[in-house]
2 protein chains.
Amino acid sequence: MTSTRPLRADAVRNRQLLLAAAADEFAERGMDASVADIARRAGVGKGTVFRHFATKDDLIAAIVLDRIDELNTAGERLLEAADPGAALLEFLTVAAHQRQQRDLSFLHEAGELSAEVTRVREQMYNTVQKLVDRAREHRAVRADVTGTDIILLMCAPNYVTSYVPDAPPDLWQRYLAIIFDGLRPEGAHPLPHPPPSTV
Amino acid sequence: MTSTRPLRADAVRNRQLLLAAAADEFAERGMDASVADIARRAGVGKGTVFRHFATKDDLIAAIVLDRIDELNTAGERLLEAADPGAALLEFLTVAAHQRQQRDLSFLHEAGELSAEVTRVREQMYNTVQKLVDRAREHRAVRADVTGTDIILLMCAPNYVTSYVPDAPPDLWQRYLAIIFDGLRPEGAHPLPHPPPSTV
DNA sequence: CAACAAACGGACCGGGTGGTCAACTTGTTA
DNA sequence: TAACAAGTTGACCACCCGGTCCGTTTGTTG
């Protein structure tokens, strides 16, 4: 049990400022965002960053954790939805929208992420699995598509639009629609490769 | 007119060694690949790198140029193919296969690329445009899909699989097939956003 | 308000980067 | 083969990075 006295008031405030500043800075400058710049943006000293997050990777992990939690919340809500096909599409929409506002995809691949991250991530995989299963049972998606497939295709619409300079902010919706059409049972052609087992 | 005496024999050899070593090094280490490592891998001093390529960005531009040229060659050949739908699919396959062997996608976004690159890139856009037009006329792809759409979706299958650790090397084919199904006329749903005009 | 721990800040450090340069080697050419 | 230009090399430079450390400030608590 790690019972410790609560954080000081200024400390909790600075922690929030840091997380927000880091997310913004990463979104703007990619992985090149430096700790010094993040600190400056948050209006704190560089040492304060390392007091809250032992390493840059820890800071990244904290950001990633928050984002996946958001998806989990949305996913679990959509498990209750009436139309399973629409629910899956909306989940993909939520995910794409999150990434549209701030593209932090590179953070997921970079550095060592905490065990906490892998835990909440697997929780999300589970939720998506269920969303897909429900959609498949309702014939909203083709039979040969798996939960893992959807996890992998989740942010493809954003990726696609990332190459367009000055893209209209909703352009990703176009590619989400195209990809989702590829997931439908009508007019589906057999797939040339088996699905991956795990992610 | 920039007429200059031909490169010395060892210089042309070193240039080739450098391009190959750089491509390998970038593919393995991403953008973090250092000029020093590239030089070592090519069996050459660091100074030699900068003699051939004034800056790291110039080296990157040279690599990108070669890759786009490969696609141009394939694309122009496929413009002669009998089945336009199959031709488009094969072009996408070639592009995905190229990126599967060495993922250098990040190079296209990074640094200032030469005017030569933009020239050959626009040439490629043109070829893709024609491939798509032919495929559309033959009802092989849906009417509301444009050449720009296909350019954007070109390497999405690789992106999708890039998140799978130890992915089977042909996994991208699965997602290419799904996306291509989304491009077909059968069972297409109206798209929620107009296509981007340029890339 | 006093006293103490918690939190802060920024100078500092080692390491790695892209790029330069002048001494040296080598291919070419007459 | 002589002579010169073209090419090579690695030590060197200035810069920036993540991370440390300690003197100082500040919130909390009795």
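For clarity, every value in this text was computed on a predicted model and none was experimentally measured. (Residues numbered from 1 in each chain as written. Chains lettered and ligands numbered in written order. Predicted model: local features only at pLDDT ≥ 70, side-chain atom pairs only at ≥ 80, totals over all residues. Heavy atoms only, no water.)

So, the side chain of T127(B)
Residue and element names in this part refer to chain B.
- One can find T127 in helix α7 (residues 115-137).
- T127 sits in the buried class, given a relative accessible area of 6%.
- Residues in contact with T127, not counting those within four places in the same chain, are N72, G75, E76 and L79. (Helix = DSSP H or I, 4+ residues; strand = E, 2+ residues; numbered from the N terminus. Buried < 20%, exposed > 50% of the residue type's maximum accessible area, 1.4 Å probe, protein only. Contact = heavy atoms within 4.5 Å.)

Things to note about the environment of Q100(A)
- Structurally, the position occupied by Q100(A) is in helix α5 (residues 84-101).
- Residues contacting Q100(A), with those up to four places away along its chain left out, are N158(A), P169(A) and W172(A).

Comments concerning the interface of chain A and chain B
- At the junction of the two partners, chain A supplies 43 residues and chain B supplies 43 residues.
- Interface area for chain A against chain B, summed over the two sides, is near 3600 Å², with a carbon-plus-sulfur share of 64%.
- In terms of surface lost to chain B, no three residues of chain A exceed Y159(A), R174(A) and H193(A), which account for 20% of the buried area on that side.
- Taken together, chain A and chain B are joined by four salt bridges.
- Between R174(A) and D149(B) there is a salt bridge, with its nearest N and O atoms 2.6 Å apart.
- On the surface where chain A and chain B come into contact, there are 16 residue pairs in polar contact (both at pLDDT 80 or more).
- For the side of chain A that touches chain B, the elements supplying multiple residues, two or more each, are α6 (105-109), α8 (147-153), α9 (156-161) and α10 (172-183) of chain A.
- Broken down by element, the side of chain A that touches chain B gets its largest block of residues, nine residues, from α10(A).
- Along the lines of polarity and charge, the residues of the side of chain A that touches chain B split into 24 nonpolar, nine polar and 10 charged. (Buried area = accessible area lost by both parts, 1.4 Å probe. Salt bridge = Lys/Arg side-chain N within 4 Å of Asp/Glu carboxyl O. Polar contact = N/O pair within 3.5 Å; in protein donor to acceptor, adjacent residues only side chain to side chain. Nonpolar A, V, L, I, M, F, W, Y, C, P; charged D, E, K, R; others polar.)

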